[in-house]
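These are the residues of each chain, in order.
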Amino acid sequence: MLFIAMSVAFIAAIILTPLVIKFAYRIGAVDRPNYRKVHARIMPRIGGLAIFGAFIIGYAILLPKDEHAVSILIGAVLIVMIGFLDDMLEITAKAKMSGQLAAALVVVLWGGLQIEFINLPFLGQLDFGYLSIPITIIWIIGITNAVNLIDGLDGLAAGVSTIALIAITVMALLMGDVFVAATASILAASSLGFLFFNFHPAKIFMGDTGSLFLGFMISVLALLGFKNVAVVSLVIPIIMLGVPISDTFFAIVRRVRMKQSITAADKSHLHHCLLRVGFSHRQAVLTIYGIAILFGAAAVLFSQATVWGALLLIFVMLIVIELFVELIGLAGANYRPLLNLVRMIGK
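Residues numbered from 1 in each chain as written. Predicted model: local features only at pLDDT ≥ 70, side-chain atom pairs only at ≥ 80, totals over all residues. Heavy atoms only, no water.

We count it as follows: UniProt positions are given in the numbering used here, feature names are shortened, and annotations may be inferred rather than shown by experiment.
By the naming in an unreviewed UniProt entry, the chain goes by Undecaprenyl-phosphate alpha-N-acetylglucosaminyl 1-phosphate transferase and is assigned to Sporosarcina ureae. In the Subcellular location (unreviewed entry) part of its UniProt record, the chain is described as follows: "Cell membrane".

Below, the structure written as structure tokens:
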């Protein structure tokens, strides 16, 4: 039955996307080129409606059961609405954040989804108490915006999200979580169907309607699958979402170093850096897909490792990420502490 739901969601996305393209042009929901954009022509930008519609159709066929299901769906509707408003009217950052907060609150307060505690290696259980609510909300909003930030090249956010959702599905199956596995796989199928029209050269952008929806769902599903577990296991969703999380983290580092607002827009995200060093549009996207796949595989390996093996894997990954960041200038052209340290040792 799950295979049928996934197949229907995939086909629905392929059918709905051309309809959304026509609808977007009719209502003026288009993205116009500017100095920050890499596209050179007007593009429809509410493709997220096709992903959302396809997901709802596939989900309705299977109707996976979970105590958090209703609150997650209501939160998803709210996040799609705020994304659609932004794509249509370009609402303020404060208004967009308010919508994301409302969606997160539905899941956290009404749905009861919270990180209440973690088990620390060698130190026992750490209870978050009253902090469990703000920590959970920060996670949901943070991941939602991280996916939104990487939506800068044709097929990038859709592809990376699909890879992350497949990783979540695999991990959920290993842990026996049927609801998370079913929901993530149906959403992955919907995103993959949309990718047929979104990969370079794209015929439509997902817009905030899509990137906020995918980010919200990924954040909630990852949280649902790994809440209240050992701290080592809590790192798994962070590794799965390594591409958007690291891009967001180093964007903050870059802006702090440049004495800019952390919300300031720029052209120095991961995809911009790859284009700048000579990658073509398609090469940059496929390279980031490859990185996302490596992160997903690392998450699965991480889940099967011992505590010491997991800590070693984290250390190696952090070194590799830092070297890659310095080489492509993701945190700024002059940010090279590790490379400078290697040169000093080599002298």
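Past the structure itself, the notes keep going.
Considerations on the overall build of the chain
Inclusion rule: Helix and strand definitions follow DSSP, with helices as H or I runs of at least four residues and strands as E runs of at least two, each counted in order from the N terminus. Here's how the labels work: a residue is buried when its accessible area is under 20% of the maximum for its type, exposed when over 50%, partly exposed in between, all with a 1.4 Å probe on protein chains only. Throughout, a residue-residue contact means that at least one pair of heavy atoms, one from each residue, lies within 4.5 Å. Exposure was quantified through the Shrake-Rupley algorithm and a 1.4 Å probe, taking into account, for residues, occlusion by the shown protein chains and nothing else.
Of the regular secondary structure elements, the chain holds 14 helices and four strands. Within the chain, buried positions represent 51% of all 347 residues. Nonlocal contacts in the chain, meaning residues at least 24 apart in sequence, comprise 72% of its contacts between residues at least 6 apart. For the chain, the exposed area adds up to about 15,900 Å²; of that, 72% sits on carbon and sulfur atoms.

Describing the environment of Ile 14
Inspection of the secondary structure puts Ile 14 in helix α1 (residues 2-27). A relative accessible area of 28% places Ile 14 in the partly exposed class. Sequence spacing of Ile 14 and Leu 192 is 178 residues, and the spatial spacing of their C-alpha atoms is 9.1 Å. Sequence-distant contacts of Ile 14, that is, excluding residues within four places in its chain, are made with Gly 193 and Phe 197.

Quick look at the side chain of Ser 161
Which entries qualify depends on this criterion: By the criterion applied in these results, polar contacts are pairs of N or O atoms within 3.5 Å in which, for protein atoms, one can donate a hydrogen and the other can accept it, and in which residues neighboring in sequence qualify only through two side-chain atoms.
By the secondary structure assignment, Ser 161 is in helix α6 (residues 156-175). Note on Ser 161: relative accessible area 2%, which makes it buried. Separated by 2.7 Å, the side chain of Ser 161 and the backbone oxygen of Ala 157 make a polar contact. Apart from the residues within four sequence positions on either side, Ser 161 is in contact with Val 147, Leu 214 and Ile 218.

A short note on α6
Applied cut-off: By definition here, a helix of n residues has an expected span of 1.5 Å times n minus one.
With 20 residues, α6 should cover 28 Å at 1.5 Å per step; its first-to-last C-alpha distance of 29 Å lies within 8% of that length. By the criterion of burial, α6 is predominantly enclosed, with 15 of the 20 residues buried. In the segment just after α6, Gly 176 is the residue with positive phi, at about 75°.

A look at the packing of aromatic side chains
To describe a pair of aromatic rings, you give the distance between the ring centres and the angle between the ring planes. The condition that has to hold: Pairing of aromatic side chains requires ring centres within 6.5 Å, counting the rings of Phe and Tyr and the six-membered ring of Trp. Pairs whose planes differ by under 30 degrees are stacked, by over 60 edge-to-face, and all others tilted.
For the structure shown, the criterion picks out five aromatic pairs. Pairing Phe 10 with Phe 196 gives two aromatic rings, centres 5.7 Å apart and planes at 70°, and the pair type is edge-to-face. Of this pair, Phe 10 sits in helix α1 while Phe 196 is found in helix α7 (residues 178-198), placing the two residues 186 residues apart along the sequence.

A look at the nonpolar core
Condition: We define a nonpolar core as any set of buried Ala, Val, Leu, Ile, Met, Phe, Trp, Tyr and Cys residues linked to one another through side-chain atoms lying within 4.5 Å.
Within the largest apolar cluster, 92 residues are counted, with the highest numbers of intra-cluster contacts made by Ile 140, Phe 213 and Phe 216. With sequence-adjacent residues up to four places away left out, Ile 140 is seen in contact with Ala 104, Val 107, Val 108, Phe 216, Ser 219, Val 220 and Leu 223.

Details of a nonpolar patch on the surface
The cut-off we apply is this: For patch building, the residue pool is restricted to those with more than 30% relative accessible area and no salt bridge; the joining distance is 9 Å between like charges and 5 Å between nonpolar side chains (Val, Leu, Ile, Met, Phe, Trp, Tyr). By convention in these notes, a salt bridge is any Lys or Arg side-chain nitrogen within 4 Å of a carboxyl oxygen on Asp or Glu.
Taken together, the side chains of Met 1, Phe 3, Ile 4, Ile 57 and Ile 61 define a hydrophobic patch exposed on the protein surface, amounting to about 510 Å² of accessible area. Elements represented by at least two residues in the nonpolar patch include exactly α1 and α2 (48-62). Turning to its location among the elements, Ile 61 is positioned in helix α2.

Overview of the pattern of salt bridges
According to the stated counting rule, one finds three salt bridges in the structure shown. For Arg 45, the salt bridge goes to Glu 90, with nearest N and O atoms at 3.3 Å. Of this pair, Arg 45 sits in the loop between β2 (43-44) and α2 while Glu 90 sits in the loop between α3 (69-89) and α4 (93-110), and the two are 45 residues apart along the sequence. Under the relative-accessibility criterion, Arg 45 is labelled buried at 10%. A residue is classified by how much of its surface remains accessible, and Glu 90, at 56% relative accessible area, is exposed. Here Lys 96 makes a salt bridge to Asp 208, at a shortest N to O gap of 2.8 Å. Taken together, the positions of Lys 96 in helix α4 and Asp 208 in helix α8 (residues 207-226) put the pair 112 residues apart, joining distant regions of the chain.

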